[in-house]
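Examining the three-dimensional arrangement
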Amino acid sequence: MSKRTPAALLGLGTRNWRVARKLQAILLIPVLIALVLGGIRVKRSVDTWQDADRAVRVAELVQAANKYANDAINERDVSVIPLLKGDRTSSVVTKARAVTDADAKLFDAAVARMPQTPGLLRRVALVRAGEKQLASVRANAFTSRMTGVQ
C-alpha cells in the first residue's frame, strides 16, 4: 500500500492536471492578491474622501458662524444711534436685523450638514443658548428695561 497525501486523496494532486488548469492555478494567486490590495486601496480612498467631506462641512459651519457673529456685532453697533434716539423702526436697524436673521438661517443649514461630533454639538449648543436671548435683547435694547451698558 502506497502512502498518499491528503491532496492526492481528494484529487487535488497537480500531476494529473491539464496544462490549462495549471496555468489558471498559477494566475489565480496574483489575481487574488491584486483584488485584496485593490480593495484596501479603495477603502483608503473612500476614507480619505469622507475625511475631506467632513472637513469641508466643518469649514462651512465655521464660515457661517463667523459671518453670523460678525453681523450680530455689526447689528449692535449700527443700532446704537437710532435706538438711543428712540427710533425703533429705523431702516438701519431693520436692515441690520435682516442681515443677522439671514445669517441665522445659513448657520442653521450649516449645522444640519455638520458632522455630529460631541465637540461641535457642544459649541452649537452654546450658540443656541445665545440665540435664545436675541429677541429679548432686540426688544429691550436702549429702553428702561436694558440700558446701553447692558
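Now for a description of the structure that goes with this document. Quick caveat: nothing in here was measured; it's all calculated off a predicted structure. (Residues numbered from 1 in each chain as written. Predicted model: local features only at pLDDT ≥ 70, side-chain atom pairs only at ≥ 80, totals over all residues. Heavy atoms only, no water.)

Side note on the packing of helix H2 (residues 19-84) against helix H3 (residues 91-113)
Where we set the bar: Orientation is described by axes fitted as lines to C-alpha atoms, over the contacting stretch for helices, and by angles from 0 to 180 degrees between their N-to-C directions. Going along the chain from the N terminus, every DSSP run of H or I of four or more residues is numbered as a helix, and every run of E of two or more is numbered as a strand. Put simply, angles under 35 degrees are roughly parallel, angles over 145 are roughly antiparallel, angles from 65 to 115 are roughly perpendicular, and the rest are oblique. Take the far helix as the reference: if the near one is turned anticlockwise from it by less than a right angle, the crossing is left-handed, and if turned clockwise, right-handed. Three residue categories are used. Nonpolar comprises Ala, Val, Leu, Ile, Met, Phe, Trp, Tyr, Cys and Pro, charged comprises Asp, Glu, Lys and Arg, and polar comprises the others, including Gly.
In contact at an axis separation of 8 Å, H2 and H3 are set at 165° when each is read in the N-to-C sense. Classified by the interaxial angle, the pair formed by H2 and H3 is roughly antiparallel. Between H2 and H3 lies a crossing whose hand is left-handed. In terms of residue class, the contact of H2 with H3 is made up of 17 nonpolar, two polar and eight charged.

Considering the environment of Tyr-68
Note the cut-off: Throughout this description, buried means an accessible area under 20% of the type-specific maximum (1.4 Å probe, protein chains only), exposed means over 50%, and partly exposed covers the range between. The contact criterion used throughout is that any non-hydrogen atoms of two residues lie within 4.5 Å.
Along the chain, the position of Tyr-68 falls in helix H2. Accessibility expressed as a relative area gives 9% for Tyr-68, which makes it buried. A sequence separation of 36 residues divides Tyr-68 from Ala-104, and the C-alpha atoms of the two residues are 6.2 Å apart. Not counting the four nearest positions on each side in its chain, Tyr-68 is found in contact with Thr-100, Asp-103, Ala-104, Phe-107, Val-127 and Glu-131.

Remarks on the packing of aromatic side chains
Definition in use: Stacked, edge-to-face and tilted labels apply to pairs of Phe, Tyr and Trp rings (six-membered ring for Trp) whose centres lie within 6.5 Å, assigned for plane angles under 30 degrees, over 60, and everything in between, in that order.
Under the defined criterion, the tally for this structure stands at one aromatic pair. The interplanar angle of 40° and the centroid separation of 5.7 Å between the aromatic rings of Tyr-68 and Phe-107 together place this pair among those described as tilted. Taken together, the residues Tyr-68 in helix H2 and Phe-107 in helix H3 connect sequence positions 39 residues apart.

Focus on the packing of H3 against helix H4 (residues 118-131)
For the pair H3 and H4, interaxial distance at closest approach is 12 Å and the crossing angle is 155°. It follows that H3 is roughly antiparallel to H4 by the angle criterion. In this structure, H3 crosses over H4, and the sense of that crossing is left-handed. Residues Ala-104, Phe-107, Asp-108 and Val-111 of H3 touch H4, and the partners they reach there are Val-124, Val-127, Arg-128 and Glu-131. Residue composition of the contact of H3 with H4, grouped by class: five nonpolar, no polar and three charged.

The values reported here are purely geometric and, on their own, carry no functional implication.
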